[in-house]
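# Architecture and fold: a report
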Amino acid sequence: KLTAKQDQRRRVVEILLESGKLFDDNPACLLYLVSESADDPNLVWVVDLWTSQEAHVEALKAPELRPFVDAAMPLLEGMPEQLEIRPVGGKGLPD
């Protein structure tokens, strides 16, 4: 969950969508979804699913990602909030 500063959500979403393209060819990234809150004009949610935590950590080390992080951070109210979950089944999950 990311909280954008007033009137900055659109730009934050653009940055997240553009930076997410770096994962398009990464087979370890099973899902990368950027969503806007329906009832809070400043909230953005990113849901991503990886084959392993190690693969996710490795992907975040890519130097190509740094400019996106540097562009987004000044537009946010504090650090992004992360919640780690373990999917156990459902539509869209690989077998």
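Residues numbered from 1 in each chain as written. Predicted model: local features only at pLDDT ≥ 70, side-chain atom pairs only at ≥ 80, totals over all residues. Heavy atoms only, no water.

Another point: the environment of P27. Checked against the element boundaries, P27 lands in the loop between α1 (9-20) and β2 (29-36). When the C-alpha atoms of P27 and T51 are compared, they prove to be 8.3 Å apart, with 24 residues separating the residues in sequence. (Helix = DSSP H or I, 4+ residues; strand = E, 2+ residues; numbered from the N terminus.)

Core analysis: the biggest nonpolar cluster contains 11 residues, these being L2, A4, V12, V13, I15, L16, V34, V44, A72, L75 and L76. If one sorts the elements of this core by residue count, α1 sits on top with four residues. Formed by seven residues, the second largest nonpolar core is a distinct cluster that contains F23, A28, C29 and A59. (Core = buried A, V, L, I, M, F, W, Y, C linked by side-chain atoms within 4.5 Å. Buried < 20%, exposed > 50% of the residue type's maximum accessible area, 1.4 Å probe, protein only.)

Right, let's get into helix α2 (residues 53-60). Every buried residue of α2 is listed here: A55, H56 and A59. For α2, the buried positions fall inside an angular range of 100 degrees around the axis, keeping them on one side. Residues of α2 that are exposed and point more than 90 degrees away from the buried face comprise E54 and E58. Along its buried surface, α2 packs onto β3 (43-50). (Arc of directions from axis to C-beta. Contact = heavy atoms within 4.5 Å.)

Here we take up the pattern of salt bridges. This structure, assessed with the given rule, holds seven salt bridges. A salt bridge links R9 to E36; its shortest N-O distance comes to 3.6 Å. Of the two residues, R9 is situated in helix α1 and E36 in strand β2; the sequence distance between them amounts to 27 residues. Overall, the relative accessible area of 15% leaves R9 in the buried class. Accessibility expressed as a relative area gives 35% for E36, which makes it partly exposed. A salt bridge links K21 to E18; its shortest N-O distance comes to 3.2 Å. (Salt bridge = Lys/Arg side-chain N within 4 Å of Asp/Glu carboxyl O.)

Turning our attention to the sheet that holds β3. Taking strand neighbours across the sheet as the criterion, the three strands line up as β1-β3-β2 in an open arrangement whose pairing is antiparallel. Each edge of the sheet is formed by a strand with only one pairing partner; in this case those strands are β1 (2-3) and β2. (Pairing = 2+ DSSP bridges.)

What follows concerns the side chain of R9. Of the polar contacts made by the side chain of R9, one reaches the backbone oxygen of P41; its length is 3.3 Å. Ignoring any residue separated from it by four or fewer positions in sequence, one finds R9 in contact with A4, E36, S37, D40, P41, N42, L43 and V44. (Polar contact = N/O pair within 3.5 Å; in protein donor to acceptor, adjacent residues only side chain to side chain.)

What follows concerns unusual backbone geometry. The backbone of D7 shows a phi angle near 65 degrees, a positive value even though the residue is not glycine. Note on placement: D7 falls in the loop between β1 and α1.

Quick look at the packing of aromatic side chains now. The tally for this structure, following the rule as stated, stands at two aromatic pairs. Judged by centre distance (5.1 Å) and plane angle (85 degrees), the ring pair of F23 and W50 falls under edge-to-face. Taken together, the residues F23 in the loop between α1 and β2 and W50 in strand β3 connect sequence positions 27 residues apart. The exposure class assigned to W50 is buried, which follows from its relative accessible area of 11%. Members of the aromatic cluster, connected to one another through ring pairs, are F23, Y32 and W50. (Phe/Tyr/Trp six-rings, centres within 6.5 Å; stacked < 30°, edge-to-face > 60°.)

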